[in-house]
Amino acid sequence: GDLTFTEMCDWVKLRHSGRSDMDAWGTSSTDYFGIWVNKAYLQLCSSDHLFGVKRRINFRELETSTTASTVDGTAYVSTPADALLVRDIYDSTNDAKLHWIPYTKYVGYTDRADTSAEGDPTEWTRAGANIYLHPTPGSVITETIYYKKRPSELAGDLQTIIGAEWDDVIVALAAYQGFRTLGDFGAAKSTREELIERLTGMTTIYNDEEASRSDGFGPDPAYMRR
């Protein structure tokens, strides 16, 4: 991003006509502008779609990976604390990709706790704070976990980890949440329309990276005749 958290809060405050009573409501020290900015940031980064705009929101900056080592006889590794969703798991020790299975299928395996059935995991599923592996690891294996992360809350001079082009969207979305909270539905409606217009034009910009792909199918030119 480009704007700091404090600057975003100032812009949201400006959109609320400079209301000073929202910086500290009554006897509370709660900064509602800051709450709305962080909620807007998390909502934007955690959503596939917003306001019925069918084009998918996709932030490459949120895609990351980490490694975890299995423990002999332990059926799981911990899910990364900031993981919103797990994409893939790769066995870096044996150079093999693990396949996702539904949790219900994993629970149905009768050899989950069978120490004689331990081996190199080939499947995985996520449940709660853990990623369960099957078969249960029988040795120390390095698993690379690819996942989409949940961004940390902003404060002070911190900026978002997504592109600066989304700063105004976050400000507008935070203002929208504020208008709805305060019951100003007229302002909320016009801000919603603004957001739809912005999202419609911005959610496809990353697709241009795939413009040079050549995945088309067709007959080999050697077999073509006039």
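Just above, that's the structure.
Residues numbered from 1 in each chain as written. Predicted model: local features only at pLDDT ≥ 70, side-chain atom pairs only at ≥ 80, totals over all residues. Heavy atoms only, no water.

1. A closer look at the overall build of the protein
From N to C terminus, the protein includes 5 helices and 8 strands. Listed N to C, the secondary structure of the protein is α-α-β-β-β-β-β-α-β-β-β-α-α in terms of helices and strands. For the protein, the proportion of its 226 residues judged to be buried stands at 37%. (Helix = DSSP H or I, 4+ residues; strand = E, 2+ residues; numbered from the N terminus. Buried < 20%, exposed > 50% of the residue type's maximum accessible area, 1.4 Å probe, protein only.)

2. Some details on helix 5 (residues 185-202)
Counted at 1.5 Å a residue, the expected span for helix 5 with its 18 residues is 26 Å, and the 25 Å between its end C-alpha atoms agrees. Close packing links the buried residues of helix 5 with helix 1 (5-15), helix 2 (32-46) and helix 4 (167-181). (Expected span 1.5 Å × (residues − 1). Contact = heavy atoms within 4.5 Å.)

3. Let's talk about the pairing of strand 6 (residues 123-127)
As a general feature of sheets, a regular strand has side chains that alternate between the two faces. Counting buried positions along strand 6 yields 4 of 5 residues, so the element is predominantly enclosed. Pairing of strand 5 (residues 99-100) with strand 6 involves 2 bridges; the strand directions are parallel. Paired with Trp100 across the bridge in strand 6 is Trp124. With respect to chirality, the unit in which strand 5 leads through helix 3 (residues 103-108) into the neighbouring parallel strand 6 is right-handed. Pairing between strand 6 and strand 7 (residues 130-134): 5 bridges, direction antiparallel. (Pairing = 2+ DSSP bridges. Right-handed = clockwise from strand over helix to strand, strands pointing away.)

4. Overview of the side chain of Thr191
Among the structural elements, Thr191 can be located in helix 5. We classify Thr191 as buried; its relative accessible area is 3%. Separated by 2.7 Å, the side chain of Thr191 and the backbone oxygen of Ala187 make a polar contact. Residues within four places of Thr191 in sequence aside, it is in contact with Arg15, Ala172, Tyr176 and Phe179. (Polar contact = N/O pair within 3.5 Å; in protein donor to acceptor, adjacent residues only side chain to side chain.)

5. Examining the packing of aromatic side chains
Where two aromatic rings form a pair, the distance of their centres and the angle of their planes describe that pair. Counting across every chain of the model gives 8 aromatic pairs. The interplanar angle of 45° and the centroid separation of 6.2 Å between the aromatic rings of Tyr32 and Trp36 together place this pair among those described as tilted. Remark: Trp36 and Tyr32 occur in helix 2; sequence separation between them is 4 residues, near one turn of the helix. For Tyr32, a relative accessible area of 25% corresponds to the partly exposed category. Ring plane angle 25° and centroid distance 6.5 Å describe the contact between Tyr103 and Tyr106, whose orientation is recorded as stacked. Of the two residues, Tyr103 and Tyr106 are both situated in helix 3; the distance of 3 residues between them amounts to about one turn of the helix. Feature note: the residues Tyr76, Tyr103, Tyr106 and Tyr132 constitute an aromatic cluster, connected by ring pairs. The ring of Tyr106 carries the charged tip of Arg112 above its face, separated from the ring centre by 5.6 Å. (Phe/Tyr/Trp six-rings, centres within 6.5 Å; stacked < 30°, edge-to-face > 60°. Lys NZ or Arg CZ within 6 Å of the ring centre and 35° of its normal.)

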